[in-house]
Amino acid sequence: MAQKPTDADWILKAMVAVAGADGRLNAREVGLIQKVYQDQTGRSVDVSGVVRAVQAYTTRRDVLAEFSAAAGSMSGATKEEIIRAAYLTLLADKRIAGEERERLKDIAAALQISEIDLDAIVKGIEPTSGEER
C-alpha cells in the first residue's frame, strides 16, 4: 500500500512542476530543489533524482488533480509552504517564464488559494542572497 504523501512530498511536487513548466531545467533550479528537499526531509536527492521527477511531472499532467484532491486535508500553513517553495523555484533561474507563472497560479487554484492570497504569499517572499526581483 502506498504511503500518504508528506508535506515535503507536496512541496517537492510543486517545485518540480514549476521548474519543468518552461521545458527547461537549469542548475540553479535543481540546486534549490535539492536544498529545500534536504531542509524539509533531512534526506538528500541527487541531480538525476530531480531530473527524473521533473520528467515524470511534465509528462504526467495529473499533478494538479493530485493537489486538488489533497487540498482539503492540508493546513493553510502547508499550502503556503508549497506556494513559497514553488515561487522560489520560479525565481531560481532569474527569469520567470509565462508558463512557470501560469503553473504557479494553477497549483494555487488546485490548493484552493485565491489570487489575492497568492499575491500576498509571493509579496512576502524576499529574494535570497540579495538578488533583485
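None of the values given here were measured: they were computed from a predicted structure.

Trainee: When you look at the packing of aromatic side chains in this model, what are you seeing that I'm missing?
Mentor: The geometry of an aromatic ring pair comes down to the distance between the two centres and the angle between the two planes. Summed over the entire model, instances satisfying the criterion amount to 1 aromatic pair. Ring centres of W10 and F67 lie 5.3 Å apart, and the angle between their planes is 45 degrees; on these two criteria the pair is classed as tilted. Highlighted residues: W10 in helix α1 (residues 7–19) and F67 in helix α4 (residues 63–70), separated in sequence by 57 residues. The same class applies to W10 and to F67, which are both buried. In this arrangement the basic side chain of K13 is found over the ring face of W10, its NZ or CZ atom lying 4.7 Å from the centre.

Trainee: What is the right way to look at the packing of helix α2 (residues 27–41) against helix α5 (residues 76–92) in this model?
Mentor: A packed helix pair is summarised by two numbers, namely the angle formed by the two axes and the spacing between the axes. Direction vectors running N to C along α2 and α5 enclose 155 degrees, while the axes themselves pass 8 Å from each other. With respect to each other, α2 and α5 are oriented roughly antiparallel. Along this stretch, α2 crosses α5, giving a crossing that reads as right-handed. Counting all contacts with α2, which are made through R28, E29, L32, I33, V36 and Q40, the residues of α5 involved are E81, A85, L88, T89 and A92.

Definitions and cut-offs
Residues numbered from 1 in each chain as written. Predicted model: local features only at pLDDT ≥ 70, side-chain atom pairs only at ≥ 80, totals over all residues. Heavy atoms only, no water. Phe/Tyr/Trp six-rings, centres within 6.5 Å; stacked < 30°, edge-to-face > 60°. Helix = DSSP H or I, 4+ residues; strand = E, 2+ residues; numbered from the N terminus. Buried < 20%, exposed > 50% of the residue type's maximum accessible area, 1.4 Å probe, protein only. Lys NZ or Arg CZ within 6 Å of the ring centre and 35° of its normal. Axes fitted to C-alpha atoms, helices over the stretch in contact; angles between N-to-C directions. Parallel < 35°, antiparallel > 145°, perpendicular 65-115°, else oblique. Left-handed = near helix turned anticlockwise from the far one by under 90°. Contact = heavy atoms within 4.5 Å.

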